[in-house]
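Structural characterization, general
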Amino acid sequence: AAEVAASLSLMDLDHLTSLHFPLLREGPIDRDLFHRLVDHVHRVRALISVRDELLARDAPLPMMHHFFGMDAGEYAECGRRLGLIRLAGRPSEPEEAEEAAVWQAYKALQKPKDEDLTPEDYLEICKSTGLSPRTIWLVICRALANPPPGTAPHRQAEGQTR
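Owing to the predicted nature of the structure, the values given are computational and were not obtained by experimental measurement.

Of regular secondary structure, the chain possesses 8 helices and 0 strands. Secondary structure elements of the chain, listed N to C terminal, follow the sequence α-α-α-α-α-α-α-α. For the chain, the proportion of contacts with a sequence separation of at least 24, taken over those separated by at least 6, is 60%. Carbon and sulfur atoms form 55% of the exposed surface of the chain, whose accessible area is close to 10,400 Å².

So this is what it looks like as structure tokens:
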């Protein structure tokens with residue numbers, strides 16, 4: 001348990017000892033609970049890392065709202081915290097070659113038809129294509145709204161803002 005606890009930051013420990021988690025209550029510590037909570041903190045930390053990397057690569061607000069529940073204020077605050085400067089205006093239209101690259105990278109993920117794309121999937125497509133999440137989100141959302149036969153991913157965007 002000591003080596004597991006050593007991998008936690010002060011912010012992680014603060015989260016674990018908050019009112020949400022009864023880790024430091026009177027009596028012996030439940031080892032199973034402790035390890036589940038540490039695993040939870042590691043998953044949250046990994047998700048925050050993915051979120052910040054997507055933001056740094058110019059992820060659009062609708063994507064961040066869909067995956068992380070961000071509103072415009074939180075989106076702006078995270079951007080400021082990361083030192084990002086966002087350009088105003090509409091994004092440029094993706095070129096045919098960019099759209100083809102997105103679909104090739106999407107197919108390379110080999111996701112089952114009924115499985116939604118995750119933030120990690122979008123990041124993987126960004127890395128493999130060199131395109132911004134903004135472009136990838138636009139291409140995929142358009143395909144979900146009007147899917148070309150046999151090329152569009154599964155229905156993930158139902159009810160999301162575009």
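Once the structure has been displayed, the description carries forward.
Here we take up the side chain of threonine 135. Structurally, the position occupied by threonine 135 is in helix α8 (residues 133–145). Residue classification places threonine 135 among the buried positions, given a relative accessible area of 16%. With near-sequence residues (within four places) excluded, threonine 135 lies in contact with Pro94 and Glu98.

Turning to the packing of helix α3 (residues 31–56) against helix α5 (residues 72–81), a few remarks are in order. The geometry of α3 relative to α5 is characterised by a closest axis approach of 10 Å and an angle of 85° between their N-to-C directions. For the element pair α3 / α5, the angle class is roughly perpendicular. On α5, the residues that touch Arg51, Asp52 and Leu55 of α3 are Tyr75, Cys78 and Arg81. Per-class residue counts for the contact of α3 with α5 are 3 nonpolar, no polar and 3 charged.

Within the structure shown, the criterion is met by 10 salt bridges. Arginine 51 is paired through a salt bridge with aspartate 52; the nearest N and O atoms lie 2.9 Å apart. Judged by relative accessible area, arginine 51 falls into the buried class, the value being 15%. A salt bridge links aspartate 121 to lysine 111, with the shortest nitrogen-to-oxygen separation between them at 2.6 Å. Linking aspartate 121 in helix α7 (residues 119–129) with lysine 111 in the loop between α6 (96–109) and α7, this pair joins segments that are 10 residues apart in sequence. A single burial state applies to aspartate 121 and to lysine 111, both of which are buried. One continuous salt-bridge network, built from bridges that share partners, spans Arg51, Asp52 and Arg81.

Conventions and cut-offs
- Residues numbered from 1 in each chain as written.
- Predicted model: local features only at pLDDT ≥ 70, side-chain atom pairs only at ≥ 80, totals over all residues.
- Heavy atoms only, no water.
- Helix = DSSP H or I, 4+ residues; strand = E, 2+ residues; numbered from the N terminus.
- Contact = heavy atoms within 4.5 Å.
- Areas by Shrake-Rupley, 256 points an atom, 1.4 Å probe, with all protein chains shown as cover.
- Buried < 20%, exposed > 50% of the residue type's maximum accessible area, 1.4 Å probe, protein only.
- Axes fitted to C-alpha atoms, helices over the stretch in contact; angles between N-to-C directions.
- Parallel < 35°, antiparallel > 145°, perpendicular 65-115°, else oblique.
- Nonpolar A, V, L, I, M, F, W, Y, C, P; charged D, E, K, R; others polar.
- Salt bridge = Lys/Arg side-chain N within 4 Å of Asp/Glu carboxyl O.

Structural measurements only, silent on function.
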